[in-house]
Each structure stands twice: as structure tokens, then as C-alpha cells.
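For reference, the chains in residue letters:
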Amino acid sequence: ALADETRRWPNFTPFSREKGFHAVSAVPMRLRASVIGALNLFSTDRRALAHDDVAVAQALADIATIGIIQERSLRDTRTLAGQLETALESRIVIEQAKGVVAERAGVSVDAAFQRIRRYSRDHNRRLTDVARNVVDGSLRADALMTQ
């Protein structure tokens, strides 16, 4: 009963009682050994939940846990796919820039990459941004030659 828990939750208890709740029960939302949260059940009665009520609440918490885990998994998959797509796009533009610099400077592709990377570091710019500027022509390849 909330009346017995004022010391434990000095802000929560008076607020909940003011709203008409006299008891709170919680069942764990768990995945194997990990608890990811709790399903809290507020009651206007002062009595504790019956055993059957606890079993139903735990079943609902288990279902909610599955939904949360599924959503997290889907979100993580989408995030990873986006990161991989960005990495691939970055790699493509870097390879294109290496080709442009190698052709213009008459150097190997490895030497061209070293020039792009050095320019990036010396000017505190992201490698992908420098490469993109080389490819779109806003950074002339000869600006890298003096590096």
C-alpha cells in the first residue's frame, strides 16, 4: 500500500494518493536474465493483487517486452543499414577522388590517397568532404599537389 511507502518514495507517494491511487504493483519486463523495465499497475483499492492477477500482469509484461525488443531490433537494423550505406557512399567518392588526383598529378592511386588524406588532416576537414570537393571540382586537384 502506498500509505506505507512515504519514506521510500517521498514525492511519488503523496502525488499518487492525491490522484486517488492507494496501491501500486510492479512486474518485471525481462528478457532472459536482463530486466529492461517494469509494468506498473496502479490501483484505487488498498489490497494487493491476487495470484491470478499477478500471473495475468506478468503475461502482459512479457508480451510488451517482446514488442519493445522487436522495435529495438528493427531500429538497430535500420541504423546499421544507414551506417553501411553512408560508409559505402563515402568509399565510392574517395575512390573517385583518388582517380582524379592520380590522373591529374600523374601519380599512383596510393600516392593520390596520401595527398587527399594529408590535405584533409592539414585543413582539419573530413576525408569524405575533401574527396567530394575534388570530385565535384570545387577543390582543384592541383591544390593537393603542393601538399
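Now for a description of the structure that goes with this document.

Cut-offs applied
Think of each chain on its own: its residues are numbered from 1, step by step along the sequence as written. Given that this is a predicted model, residues contribute local features only at a pLDDT of at least 70 and side-chain atom pairs are listed and counted only at 80 or more, while totals for whole chains, interfaces and linings are drawn from all residues. The side-chain quantities take in all heavy atoms of the structure and omit both hydrogens and water. Nonpolar cores were defined as sets of buried Ala, Val, Leu, Ile, Met, Phe, Trp, Tyr and Cys residues, with membership established by side-chain atoms within 4.5 Å. Buried residues are those whose accessible area, probed at 1.4 Å on protein chains only, stays under 20% of the maximum for their type, while exposed residues exceed 50% and partly exposed ones sit between those limits. Each helix is a run of H or I in the DSSP string that is no shorter than four residues. Each strand is a run of E no shorter than two, and both are numbered from the N terminus. Contacts are assigned to residue pairs with any non-hydrogen atoms lying within 4.5 Å of each other. Between N-to-C directions, angles cover 0 to 180 degrees, with each direction set by a line fitted to C-alpha atoms, over the stretch in contact for helices. The scheme is simple: roughly parallel for angles under 35 degrees, roughly antiparallel for over 145, roughly perpendicular for 65 to 115, oblique for anything else. Two helices crossing with the near one rotated counterclockwise from the far one by less than a right angle form a left-handed crossing, whereas a clockwise rotation gives a right-handed crossing. The nonpolar class holds Ala, Val, Leu, Ile, Met, Phe, Trp, Tyr, Cys and Pro. Asp, Glu, Lys and Arg form the charged class, and all remaining residues, Gly among them, are polar. Stacked, tilted and edge-to-face pairs are distinguished by plane angle, under 30 degrees for stacked and over 60 for edge-to-face with tilted covering the rest, among Phe, Tyr and Trp rings (Trp via its six-membered ring) whose centres lie within 6.5 Å. Look at NZ for Lys and CZ for Arg. If either is within 6 Å of the ring centre and within 35 degrees of the ring normal, a charge sits over the ring. Here, a salt bridge means any side-chain nitrogen of Lys or Arg that lies within 4 Å of a carboxyl oxygen of Asp or Glu.

**A few points about the nonpolar core**
Core analysis: the largest hydrophobic core is formed by 15 residues, its most contacted members being Val 101, Ile 116, Val 134, Leu 139 and Leu 144. Elements represented by at least two residues in this core include exactly helix 2 (51-105), helix 3 (109-122) and helix 4 (127-136). A per-element tally of this core places helix 2 first, with 5 residues. Aside from chain neighbours lying at most four places away, what touches Val 101 is Gly 106, Val 107, Ala 112, Arg 115, Ile 116, Val 134, Ala 141, Leu 144 and Met 145.

**Details of the environment of Arg 30**
In this structure, Arg 30 sits in strand 1 (residues 23-31). Spatially, the C-alpha atom of Arg 30 lies 43 Å from that of Leu 127, the residues being 97 residues apart in sequence.

**A few points about the packing of helix 2 against helix 4**
Where helix 2 contacts helix 4, the two axes come as close as 8 Å, and the packing angle between them is 50 degrees. Taken together, the axes of helix 2 and helix 4 are oblique relative to one another. Seen from above, helix 2 lies across helix 4 with left-handed handedness. Facing helix 2, whose interface residues are Ser 90, Val 93, Ile 94, Gln 96, Ala 97, Val 100 and Val 101, helix 4 presents Leu 127, Thr 128, Ala 131, Arg 132, Val 134 and Val 135. Considered class by class, the residues forming the contact of helix 2 with helix 4 number 9 nonpolar, 3 polar and 1 charged.

**Description of the packing of aromatic side chains**
One pass over the structure, following the stated rule, counts 3 aromatic pairs. Relative to Phe 12, the ring of Trp 9 lies with its centre 6.1 Å away and its plane at 85 degrees, an arrangement referred to as edge-to-face. A relative accessible area of 37% means that Trp 9 is categorised as partly exposed. What links up through ring pairs into an aromatic cluster is the set Trp 9, Phe 12, Phe 21 and Phe 42. The ring of Phe 113 has Lys 98 sitting right over it, with the charged end atom 5.2 Å from the ring centre.

**A look at the pattern of salt bridges**
On inspection of all chains with the given rule, the structure shows 8 salt bridges. Its salt-bridge partner being Asp 45, residue Arg 47 comes within 3.7 Å of it at the nearest N-O pair. The shortest N-O distance in the salt bridge between Arg 91 and Glu 95 comes to 2.4 Å. Within this pair, Arg 91 and its partner Glu 95 are both found in helix 2, separated by 4 residues, close to a single helical turn. For Glu 95, a relative accessible area of 34% translates into the label partly exposed. Here the salt bridges share partners, and the residues they tie into one network are Arg 91, Glu 95 and Lys 98.

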